[in-house]
Amino acid sequence: MSLKDLLSPFFVWQRAFEKPYTTLRPTLDRPGAPAYRGFHINITETCVGCGSCQTICQNNAIDMVAVEAYAGRAGDSGLRPRFDYGRCCWCGLCVDICTAASLRMSNEYAWISDDPDSFHFTAGVDDKPWQDNELGYRRAEGYHLNPPKRIEMPMLSAQESLKSFAEVTLGYNEEQAKKEADRCVECGICVATCPAHMDVPDYIHSIRDGDYEKGLQLMYRTNPFPATCGRICTRRCESVCPVGILGEPVAIRWLKRFIVDQVDKKDYQRILEKPIASTGFKVAIIGAGPGGLSAAYYLRQQGHAVTVYEAQATGGGMLRYGVPSYRLPDAELDKDIDHITSIGVEIKYNSRIGKDVMFESLLENYDAVFMSTGLSVPSSMRINGENHARVLSGLQILADVASDRDPGIGKKVAVIGGGNVAMDAARVSRRLGAEVTILYRRRISDMPADEEEIHECQQEGCTIVPQAIPVEIIDADNKQKVCIKWGEAKMVDDPKGGRARPVLQEDKMHTETYDCIISAIGQSSNLDYLSKELQEQLAFEWGKLTPAEYQHTSMKKVFVGGDFANRTADAISAIEDGHHAARGINRFLNPDFYTALEKQEN
Amino acid sequence: MNTVDEILDYAIEQEQLAADFYEDVAQRVETAGMKKILLDFAEEEKRHKKILLAVKTGEHELTPEQEILDLKISDYLVEVKTSENISYQDALIIAMQRERAAYNLYNDMAQKVPDGKLKHILLGLAKEEAKHKLFFEAEYDERVLTDN
Amino acid sequence: MTQLTGHSSALDFAQPEPVDMASGKYVKLWQGPQHPGITGNMSLELTLDGDTIIDCKTHVGYLHRGFEKLMERRSFIQNFTVVCRIAVPEPTFNEYLYSHAVEQLSGIKIPERAIWLRTMNLELMRLASFLMWIGGMSGAFGQYTVPNWTTAYRDFVLDLFEEMTGARIYHMYIVPGGVRAGLPDGFEKRARDIMDGAEKLLDQVERVMFNNAVFKARSKGLGIITPDMIDPYGIVGPNARACGVERDIRKDEPYLAYDQLNFETITGKDSDAYERAYLRLQETRQCISLIRQCLDKAPKDGPFQADMPNVLHWKIPAGETYVKAECTRGEYGYYMVTDGSEFVRRVHVRGPSYTHAIAVMERLAVGNNIADIAGLMVSLHTYPPEIER
Ligand SMILES: Cc1cc2nc3c(=O)[nH]c(=O)nc-3n(C[C@H](O)[C@H](O)[C@H](O)COP(=O)(O)OP(=O)(O)OC[C@H]3O[C@@H](n4cnc5c(N)ncnc54)[C@H](O)[C@@H]3O)c2cc1C
Ligand code: SF4
């Protein structure tokens, strides 16, 4: 033992004069680090209540609870996370998975309360002192627990797709579909948003499980047009998918299509439910569009005898005569329709109500009537010269092409309008070899057409001229041609906050000659099969009517649905109308229906 | 028509005539929905009339300086004749075109009088009609030109 | 050193003669489960002949939380919040090994930046852990000043963790796929300042603790581990290195960024309590150097996470793997079996404390007296929670 060993311990005194490490709480505050995982903050306005936080929390510290302020908000479950600090371990996984990045943590770490219940709180709803804390844990930029990008849909190149009417999208393969299906967080907000309330999370789950027959069964519960909707649905579900808040929404439509593509038509009968025993009731349906056929399918499932009257030679309505086959091949539409007829739905083609068969006779001979006759009359522009023979309607061209007739558009066409019909007319014209200019009175971002459609339209070489207002159609030198005069528009903000309005600039007019002008600015209904009295009785307004709760009307026995009875005018809404009308008719066939309704009203 | 009051009386009468016109057409249209719309239009005209009455008593000021947006929709549409089965689109076109005509009338008159109170009133009335036109054109833009 | 009754050496594994308790010559004493060795809730059943220990049995079970089982019912992402709790003073090694095993089985390759941030995180952890250990070691020999210094200084390292990871103890920073975030602004400067301070502190610790006559007298010759014990007992880490066995996974089978760091394996001669302690002090200094190197070399930007599937339904193909890393106490390993489902089929956590606190401790205790038991135990650096998992 050396002297040094005896003396060195006394060096501890050296430190007696150094600044102590400790912080004098509570006199001096010591805030948490800027990214400290402290107490939860939820920006409830941004949150959509998807519940991913609840799913990921391994401590079951989160319950999703109804918060009145958000009840019924579109694209929102109306629920918000409630935290139980008796369980939480402050891992912050809930913050990491949050689809809206609304959930975060403050850097506050001390909270003293003698009320145990205050440790069980709905963040952002129950007032907490750290609510407005700027600092604290946030998910780092570039950190993801779910891939933000969707799997791209394989497609034909623009050049390739112009060569024919072959389907442009090629469909996912199994690996791609499974990967995309994986991105679903199973919140079910899509279910609430889908007009038909399709069971999206479950059929997506069936893809992850590789059980496509189950997926098909799930889809048929709410939609007898899955092959169709898997291709052309307006997919409002995707617009609310929370995965799309920070990234791209799950490709719900393509996944639906994938399931249908996996199942052979000949197996449908085996896989899907069969109708129940006959009830003896007879229902007539006018129109074999998606609305009519959806009603037919579900009524037939309920054991009723169903006869569909259709003016055209084939079924599908606008899906057949409107939607071009490069988006929806006939075979796919037939896959849906064939299953509907295979369960015993009878379709009488070439039978126009009001001409071949009278509406009144249906009322007499059937227990109920459902009509879904759609919108078939093109709207007119109401400008001078519109009646020129070279001004064609978009609907007519599409119908011609669908029926293998040559619409005779020529080599240089102008399409007026910015909706889906305009895009379809333009792309069809490109496939017929024409050079296409689309004139639209507002900005491209204002177009009601689907964004993807607009993009593909441009890819295929259509020129979109936005802010172009047609003012007059003028004869050309040549009878086979026509001139259009249009003026440039300036967008002016609506002081009341509505969408900006185009204002014609009269000093910036252009005149151009085309082989034809295709007008596609909207369509309305053809109600010729109903007498004026009946129209009045059914309370049609501008060719449309709003049905009551069960798709029923003011006339006993008469139910309506589809484009002329809803505001959204798309296939899935028509399908839901049909399904819902089937439920209504089913109830109506029970004699107490109207009595019950009356009671309810009083 | 040389005095301010005379001009205002004329304008008030015009609004009343317009209201009568819509009520008259409303009696003849076939559908209940259309009838309601036309009666709404008539109400709108009566509201205009009230404003002018207030101008006359001095409770309300006309504002000829105010900039009113002109969407120029009606300027290029084919004229519509009233009939029993007009559509909503037709009704709007009729309304827009009537307001446009009134606007043009006051504006033309204003060009012909010397600067002063009278001119001020005429220009104010023109602006008032421009506002009405905007009301109907905005409705047309929103409800009819949907896909367009 | 007295050997276990009837045993000739530490390598004699024959069944010992039972102690004749009825003779009244012996006393049983339980040290723990709450005892002042800060090695946690574990107890030693000591059989005494006077003050001398003639038999020692390690008892665990006071801390069993069933982590391995818990993991079988939690998703792959959820588990990363569980594993850190297996070794309280060193959660990060569990985070790393768990994540690494998952990445191996699911074929995920983490980006360069994550590799460096992980390495730095692990070395910071080693530093924090050693600082606390030094306190424990010193305290076990009745010296309470050094523990105040080092455990308090450890808090500065925890400050760094708080900044880097959002938490002081259970960082939950290393996650399957990478790490959760890059470094916050100004972190590097603060980290370097704290490293400088730590270096100074360690000099002072060396002076007052390792030159202390009492500490020396009591720790030298206490609990000698001889080289021939290493393999039969499965001794790893500083306990093994202190008797001259060069064994360090960071060097032998480099993982993360260790092959790009400049350091040498530190060894000693006779692994007694003093030698082991001194070796750890040197390794603590080495940590500081490694952390500085990481600060120099870690990429400042770029991704810190690999592309991940949706973790809410993450399935991992069937397979098995064993991954290991050098923690403060030696080889730490995770054996993981997956079966293609959303859950892990089996995880086995192999911490060095199992051998060190059971087989080794039971042998080394014999022949010592009660007062040295705490010091001996700390000199083996064991963590009961990782024995029980
Ligand atoms: C060009 C175009 C593209 C479209 N693209 C899409 C799209 O991408 N996605 C989407 O979701 N929707 C799209 N739609 C809308 C969709 O096609 C319709 O919403 C849907 O078809 C409406 O269904 P429905 O049953 O109401 O009417 P329709 O489909 O119009 O069917 C009505 C049926 O009734 C028949 N009918 C009418 N009158 C009589 C009568 N008196 N007697 C007997 N039968 C009669 C018609 O012949 C027709 O078959 C598009 C529409 C068009 C025109
Ligand atoms: S921080 Fe972790 S434990 Fe706490 S609520 Fe969020 S996910 Fe659950």
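Conventions used here
- Residues numbered from 1 in each chain as written.
- Chains lettered and ligands numbered in written order.
- Predicted model: local features only at pLDDT ≥ 70, side-chain atom pairs only at ≥ 80, totals over all residues.
- Heavy atoms only, no water.
- Helix = DSSP H or I, 4+ residues; strand = E, 2+ residues; numbered from the N terminus.
- Contact = heavy atoms within 4.5 Å.
- Areas by Shrake-Rupley, 256 points an atom, 1.4 Å probe, with all protein chains shown as cover.
- Lys, Arg positive; Asp, Glu negative; His and termini not counted.
- Charge placed at Lys NZ, Arg CZ, Asp CG, Glu CD.
- Near = heavy atom within 4 Å.
- Polar contact = N/O pair within 3.5 Å; in protein donor to acceptor, adjacent residues only side chain to side chain.
- Pairing = 2+ DSSP bridges.
- Axes fitted to C-alpha atoms, helices over the stretch in contact; angles between N-to-C directions.
- Patch = residues over 30% accessible without salt bridge, like charges linked within 9 Å, V, L, I, M, F, W, Y side chains within 5 Å.
- Salt bridge = Lys/Arg side-chain N within 4 Å of Asp/Glu carboxyl O.
- Buried < 20%, exposed > 50% of the residue type's maximum accessible area, 1.4 Å probe, protein only.
- Buried area = accessible area lost by both parts, 1.4 Å probe.
- Nonpolar A, V, L, I, M, F, W, Y, C, P; charged D, E, K, R; others polar.
- Core = buried A, V, L, I, M, F, W, Y, C linked by side-chain atoms within 4.5 Å.
- Domains from an automatic or database assignment.
- Right-handed = clockwise from strand over helix to strand, strands pointing away.

Brief notes about the overall build of chain B
Here is step 1 of the chain: A tally of helices and strands in chain B yields 4 helices and 0 strands.
Here is step 2 of the chain: Ordered by position from the N terminus, the helices and strands of chain B form the series α-α-α-α.
Here is step 3 of the chain: If you take every contact in chain B between residues at least 6 apart in sequence, the share linking residues at least 24 apart comes to 73%.
Here is step 4 of the chain: Carbon and sulfur atoms form 50% of the exposed surface of chain B, whose accessible area is close to 7,300 Å².
Here is step 5 of the chain: Across chain B, the centroid of the 19 positively charged side chains sits 1 Å from that of the 32 negatively charged ones.

Considerations on unusual backbone geometry
With the exception of glycine, most residues fall at negative phi, and the peptide bonds are largely trans.
Here is step 1 of the chain: One non-glycine residue, A:Arg235, lies in positive phi territory at about 40°.
Here is step 2 of the chain: Positionally, A:Arg235 belongs in the loop between helix 9 (226–232) and helix 10 (236–240).

Overview of the site of ligand 1
Residues and elements named next belong to chain A.
Here is step 1 of the chain: Near ligand 1 you find 35 residues, and of these Ile232, Glu310, Arg327, Ser372 and Asp563 are the closest.
Here is step 2 of the chain: Here Met318 contributes a backbone N or O atom positioned 2.9 Å from an oxygen atom of ligand 1.
Here is step 3 of the chain: Ser372 is positioned with one of its side-chain polar atoms (N or O) 2.8 Å from an oxygen atom of ligand 1.
Here is step 4 of the chain: Here ligand 1 has 990 Å² of accessible area as a free molecule, and 94% of this is covered by the chains.
Here is step 5 of the chain: Secondary-structure elements contributing two or more residues to the shell around ligand 1 are helix 14 (290–301), helix 15 (318–321), helix 18 (394–402), helix 19 (420–431) and helix 22 (571–588).

A word on the sheet that holds strand 15 (residues 468–475) of chain A
Residue and element names in this part refer to chain A.
Here is step 1 of the chain: Across the sheet, 3 strands lie side by side as 15-16-17; this open sheet has antiparallel pairing. At either margin of the open sheet sits one strand with a lone partner, and together these are strand 15 and strand 17 (501–514). Adjacent strand axes in the sheet meet at a mean angle of 20° when their direction is disregarded.
Here is step 2 of the chain: Here strand 15 pairs with strand 16 (residues 482–492) via 7 bridges, running antiparallel. Across the sheet, residue Ile469 finds its bridge partner in strand 16, namely Gly487.

With respect to a negative patch on the surface
Here is step 1 of the chain: Among the surface-exposed residues, A:Asp126, A:Asp127, A:Asp132 and A:Glu134 lie close enough to one another that they form a single negatively charged patch.
Here is step 2 of the chain: For A:Asp126, the position within the fold is in the loop between strand 5 (120–122) and helix 4 (158–162).

Description of the pattern of salt bridges
For side chains bearing opposite charge, pairing can occur when the charged atoms are close.
Residue and element names in this part refer to chain A.
Here is step 1 of the chain: If you walk through the whole model with that rule in mind, you get 85 salt bridges over all chains.
Here is step 2 of the chain: Here Glu213 ties to Arg270 by a salt bridge, and the two come within 3.0 Å at their closest N and O atoms. Here the residue Glu213 occupies a position in helix 8 (residues 212–220), and Arg270 occupies one in helix 13 (residues 268–271), the gap between them amounting to 57 residues.
Here is step 3 of the chain: Classification of Glu213 by relative accessible area gives partly exposed; the value is 32%.
Here is step 4 of the chain: Each of Arg327, Asp424, Arg427, Arg431, Glu453, Glu456 and Glu460 takes part in one network of salt bridges that share partners.

A closer look at the interface of chain C and chain A
Here is step 1 of the chain: Each partner contributes to the interface: chain C provides 43 residues, whereas chain A provides 46 residues.
Here is step 2 of the chain: Among the residues chain C hides against chain A, the three largest losses belong to C:Arg180, C:Leu312 and C:His313. Together they make up 19% of the total.
Here is step 3 of the chain: Our count for the chain C to chain A interface comes out at 4 salt bridges.
Here is step 4 of the chain: A:Arg30 is the salt-bridge partner of C:Glu162, the closest N and O atoms lying 3.1 Å from each other.
Here is step 5 of the chain: Put simply, chain C and chain A have 25 residue pairs in polar contact (both at pLDDT 80 or more) between them.
Here is step 6 of the chain: Taken together, the elements giving at least two residues each to the side of chain C that touches chain A come down to helix 2 (76–83), helix 5 (145–165), helix 6 (187–210) and helix 7 (213–219) of chain C.
Here is step 7 of the chain: A total of 9 residues in the side of chain C that touches chain A trace back to one element, the largest contributor, which is helix 5 of chain C.
Here is step 8 of the chain: Residue composition of the side of chain C that touches chain A, by class: 21 nonpolar, 12 polar and 10 charged.

Some remarks on the nonpolar core
Here is step 1 of the chain: Among the nonpolar cores identified, the biggest contains 203 residues, and C:Leu124 and C:Tyr334 are the most heavily contacted of them.
Here is step 2 of the chain: Ignoring sequence-local partners within four residues, the contact set of C:Tyr334 consists of C:Val83, C:Ile86, C:Asn94, C:Leu97, C:Tyr98, C:Thr321, C:Tyr322, C:Val323, C:Val347, C:His348 and C:Val349.
Here is step 3 of the chain: A:Ile521, B:Ile86, B:Leu92 and B:Ile93 belong to the second-largest nonpolar core, a separate cluster that totals 42 residues.

Quick look at the domain arrangement of chain A
Residues and elements named next belong to chain A.
Here is step 1 of the chain: Segmenting chain A into domains produces domain 1 (30–122), domain 2 (174–270), domain 3 (278–373 + 525–601) and domain 4 (378–523).
Here is step 2 of the chain: Distance from the C-alpha centre of domain 3 to the C-alpha centre of domain 4: 32 Å.
Here is step 3 of the chain: Contacts between the two partners involve 8 residues from domain 3, matched on the other side by 11 residues from domain 4.
Here is step 4 of the chain: Looking only at domain 3, the three residues that lose the most surface to domain 4 are Tyr321, Tyr326 and Arg327, adding up to 65% of its buried area.
Here is step 5 of the chain: Viewed at the interface, domain 4 and domain 3 are joined by 2 salt bridges.
Here is step 6 of the chain: As a salt-bridge pair, Arg327 and Asp424 come within 2.7 Å of each other at their nearest N and O atoms.

A word on the pairing of strand 8 (residues 344–350) of chain C
All names here are of chain C.
Here is step 1 of the chain: Looking at chain direction, strand 7 (residues 330–338) and strand 8 are connected through 6 bridges and run antiparallel. Looking at strand 8, one finds that Thr338 is bridged to Val344.
Here is step 2 of the chain: Linking strand 7 back to strand 8 in an antiparallel pair, the connection comprises 5 residues, with Gly340 at a positive phi of about 90°.

Some points on the pairing of strand 6 (residues 282–286) of chain A
Residues and elements named next belong to chain A.
Here is step 1 of the chain: Counting buried residues in strand 6 gives 4 out of 5 residues, a clear majority hidden from the surface.
Here is step 2 of the chain: Two elements, strand 6 and strand 7 (residues 305–309), share 5 bridges in a ladder whose sense is parallel. From the neighbouring strand, Lys282 faces strand 7, where its bridge partner is Ala305.
Here is step 3 of the chain: Crossover handedness for the path strand 6 to helix 14 to strand 7: right-handed.
Here is step 4 of the chain: Examined bridge by bridge, strand 6 and strand 9 (residues 368–371) share 4 bridges and lie parallel to one another. Counted as the bridge partner of Ala284 is Val369 from strand 9.

Some thoughts on the side chain of A:Arg300
Residues and elements named next belong to chain A.
Here is step 1 of the chain: Residue placement: Arg300 occurs in helix 14.
Here is step 2 of the chain: No salt bridge is formed by the buried Arg300; the nearest opposite charge belongs to Glu346, separated by 9.8 Å.
Here is step 3 of the chain: At 3.0 Å, the side chain of Arg300 and the backbone oxygen of Ile343 are in polar contact.
Here is step 4 of the chain: With near-sequence residues (within four places) excluded, Arg300 lies in contact with Pro275, Val306, Ile343, Gly344 and Val345.

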